[in-house]
Amino acid sequence: MTRQNLMDNVYLTYVPSEKFKTSFLSAQMVVPLAPETAGLNALLVNVLGRGTLRCPDMAAIARELDLLYGARLEPSVRKKGENQTFGFVASCVDDRLLPAGERLLEPLADLMGEMFLSPATRNGRLRGDYVDSERENLADLIRSEINDKRSYAARRLIAEMCAGEPYGVSRLGEARGVERISLHKLNSHYQALLPRARLELFYCGSAPEKRVAGLFTRAFAALPRQGKQIEPAPTVRREAPAEPRVITEEMDVAQGKLGVGFRTMSDDGAATMIMNSMFGGTSTSKLFLNVREKLSLCYYAGSSYHRKKGLITVSSGIETKNYQRALDEIMTQLEALRRGEWEDWELEGARSSLRNALRSMEDSASALEDFTMGQMATGSDETIPGLLSAVEAVTPERVRQAAEQVRPDTIYFLKGKEAEE
C-alpha cells in the first residue's frame, strides 16, 4: 500500500492486488462532522449522483455503466471519527480479465470526476427537481431509521453520550434540517466546499500505480484548489462524568432497549479491542454467555468498541421489568474483567475472533477501502498487519488494565409505554 499527494489537499491510496476479479475505486471528500453541514453534505452527494452534463440523468448513467461491462458507481456517506466522508465508490472488471486493449478504469474515473466537477445543471445551478426529490428521499430515509428500534436505540445512546461533540452528530443530519435546505443554499454550499475540502482517492486492483495516479489526475484536473483548505478534525477523547447520566424514553415497543455507554482513556488500543471482545463482542463473551444465556435477562446483548473515540457501547434487548437486574449484571461482568476473572479460553477466543475479523478485511476490496478511509480521515497510520501483530502480543495483565480504564458515561433506556400500566 502506498499513499501520494496528487495535488493540493488531494491524496491517493494505492493498494496493488490480483486476488480480486474487480478493481475498486473511491473518491471521498473529508470534512469535520457538524450539525450545520451533515445534512447538506449527505444531500449534495445524492444530487451530484443524479446526473452530469454528459450523462444528465440516471438512465444515461446506467447506459454508460452498461458499456463498461456493468460497472458499479454509487454515492456513499460515512462517519469516520469526528469527520464525515462523502463521495462515490465504484468497481469494474479488473484489467487482467478484460480482452486485450480494453480499459475500463479511465472512463469510470472520468465519470466519477464528472459527478463532482460537472454535475447536471440548469441556468448555472444544480437542478432544482433533483434537489427536491433527493431532499424528500433523504428526509424519509432519516425518519425511517426509527423503524429499526435496535439501531435507533444505539444511535440515540451515542447522540446523548456525545451531545455537543461532533461524534454525536448523525452522518445524514436531521430530517427537519434537511427539509429546510433550499436549492440556493445547497448550490452555495457546493460552490464553497468544492475548492477547499480534502479529497481522498483510493484504488485496489492490478493496474500499475503510475497509470492509476494518471487517470485520477486527469479525472480531477479541473478540481479548483483555492482558499483556506478544510482539514479533517482530530478525534477528541473525553473523560466520563463522576456519575453516569440516565436517559429514559418511552415508545410503543414490545421489547425494551437498554444501552450503556462507557468511556476509556486507555492508550492500549489492542488490549481494549480484546477486552471488548471478551466483554460483549462475540458469541462467547461474558455478556452473551451470562446476561443472555445463563440468566436469560436479555433477548440479545453485545458491545462495540469505537476505537478512535475511546468509547464502548453495550446494546441489549430486555423486558422492562428486568431493567435493573440487566443493568447490574452488565456492570458485574465488566467488574469481573477488571479483576482478571476469566478462563484462558475466553481470552484466546476473543483473540481468535479479532484475528479472523482483521484477516477477513484483506479478502474484500470494499472492506479495505472502508478501513483505509477511516485511517485517512482520523490521521492514523495503523495497518491491518500491524493491528494483527498488536493483538497477538496482548497479555492477560494488559487486558485487565484496559478494563480498569473503562468508566460508565450514559445509560439509555427505551421502554414501552405499556410498561407502567
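Residues numbered from 1 in each chain as written. Predicted model: local features only at pLDDT ≥ 70, side-chain atom pairs only at ≥ 80, totals over all residues. Heavy atoms only, no water.

### Some details on the side chain of Ser17
Test applied: The numbering of helices and of strands both runs from the N terminus, where a helix is a DSSP run of H or I of at least 4 residues and a strand a run of E of at least 2. Polar contact is defined as a pair of N or O atoms within 3.5 Å, subject to the rule that within protein one atom must be able to donate a hydrogen and the other to accept it, and that residues adjacent in sequence are counted only when both atoms are side-chain atoms. Contact between two residues is taken to exist if any of their heavy atoms lie within 4.5 Å; hydrogens are not considered.
Note that Ser17 resides in the loop between β2 (10–16) and β3 (22–32). At 3.2 Å, the side chain of Ser17 and the backbone nitrogen of Lys19 are in polar contact. Sequence-distant contacts of Ser17, that is, excluding residues within four places in its chain, are made with Cys204, Gly205 and Ser206.

### Brief notes about the side chain of Lys80
Looking at where Lys80 falls in the secondary structure, it is placed in strand β4 (residues 72–80). At 2.9 Å, the side chain of Lys80 and the side chain of Asp370 are in polar contact. For Lys80, the contacting residues outside a window of four places in its chain are Thr85, Asp370, Met373, Gly374, Ala377 and Thr378.

### Some remarks on the layout of surface pockets
This is how it is decided: In the cavity and pocket records, a cavity denotes points on a 1 Å grid over the protein atoms alone where a 1.4 Å probe fits but cannot get out, a pocket denotes an open set with protein on both sides within 12 Å along at least 5 of 7 lines, and lining residues are residues with an atom within 4 Å of a point. Grid points are joined across faces, edges and corners, and a volume is the space filled by probe spheres set on the points. Ten residue types, Ala, Val, Leu, Ile, Met, Phe, Trp, Tyr, Cys and Pro, are classed as nonpolar, four, Asp, Glu, Lys and Arg, as charged, and the remainder, Gly among them, as polar.
For the second largest pocket, the calculated volume is near 300 Å³. In terms of lining, the second largest pocket is formed by 20 residues, of which the most central are Met1, Leu368, Thr383, Ile384 and Pro385. Those elements giving two or more residues to the lining of the second largest pocket turn out to be β2, α13 (365–378) and α14 (384–392). Classifying every residue of the lining of the second largest pocket by side-chain character gives 9 nonpolar, 6 polar and 5 charged.

### Description of the nonpolar core
Rules: Among the buried residues, those of types Ala, Val, Leu, Ile, Met, Phe, Trp, Tyr and Cys that are joined through side-chain atoms within 4.5 Å form a nonpolar core. When a residue's accessible area, from a 1.4 Å probe over protein chains only, is under 20% of the maximum for its type it is buried; when over 50% it is exposed; and in between it is partly exposed.
Counting 67 residues, the largest nonpolar core has Phe216 and Phe220 as the members making the most contacts within it. A per-element tally of this core places helix α3 (residues 105–117) first, with 8 residues. With residues near it in sequence (within four places) discarded, Phe216 still touches Leu6, Leu12, Leu25, Ser26, Leu201, Phe202 and Tyr203. Among the nonpolar cores identified, the runner-up in size contains 51 residues, and Phe20, Ala271, Ala350 and Phe413 belong to it.

### Concerning the pairing of strand β11 (residues 300–306)
Using the following cut-off: By definition, two strands form a pair when at least two bridges between them are found by DSSP.
Where burial is concerned, most of β11 is hidden: 6 out of the 7 residues are buried. Pairing of β11 with strand β12 (residues 311–318) involves 7 bridges; the strand directions are antiparallel. Residue pairing across strands places Gly302 opposite Ser315, the latter belonging to β12. Between β11 and β12, which pair antiparallel and follow one another directly, the connecting turn spans 4 residues, one of which, Gly310, has a positive phi of 75°.

### Structural notes on unusual backbone geometry
In the Ramachandran plot, Tyr69 falls in the positive-phi region, its phi being about 55° despite a non-glycine side chain. Mapping Tyr69 onto the fold places it in the loop between α2 (58–67) and β4. A relative accessible area of 43% places Tyr69 in the partly exposed class. Of note in this structure, Ser296 is not a glycine but carries a positive phi near 55°.

### Some details on the packing of aromatic side chains
Short version of the rule: Centres within 6.5 Å are what make two rings of Phe, Tyr or Trp a pair, Trp counting through its six-membered ring; a difference in plane orientation under 30 degrees is then read as stacked, over 60 as edge-to-face, and the rest as tilted. Whether a charge sits over a ring comes down to the Lys NZ or Arg CZ being within 6 Å of the ring centre and within 35 degrees of the ring normal.
Counted under the stated rule, the structure contains 6 aromatic pairs. Here Phe88 and Phe116 contribute two aromatic rings whose centre-to-centre distance is 5.4 Å and whose plane-to-plane angle is 85°, an arrangement assigned as edge-to-face. Within this pair, whereas Phe88 is found in strand β5 (residues 83–93), its partner Phe116 is found in helix α3, the two being separated by 28 residues in sequence. On the basis of relative accessible area, Phe116 is assigned to the buried category, the value being 2%. Three or more aromatic residues joined by ring pairs form one cluster here, namely Phe88, Phe116 and Phe220. The ring of Tyr130 is capped by Arg127, whose NZ or CZ atom sits 4.1 Å from the centre of that ring.

### A word on the sheet that holds strand β1 (residues 2–7)
Inclusion rule: Angles run from 0 to 180 degrees between N-to-C directions of axes, and those axes are lines fitted to C-alpha atoms, restricted for helices to the stretch in contact.
Spatially, the 6 strands line up as an open sheet ordered β1-β2-β8-β3-β5-β4, and their pairing is mixed. In this open sheet, the two edge strands, each paired with only one partner strand, are β1 and β4. Going from strand to strand, the sheet's axes swing by 20° on average, the running direction of each strand aside. As paired strands, β3 and β5 are joined by 11 bridges and run antiparallel to one another. Paired with Leu25 across the two strands is Ala90, which belongs to β5.

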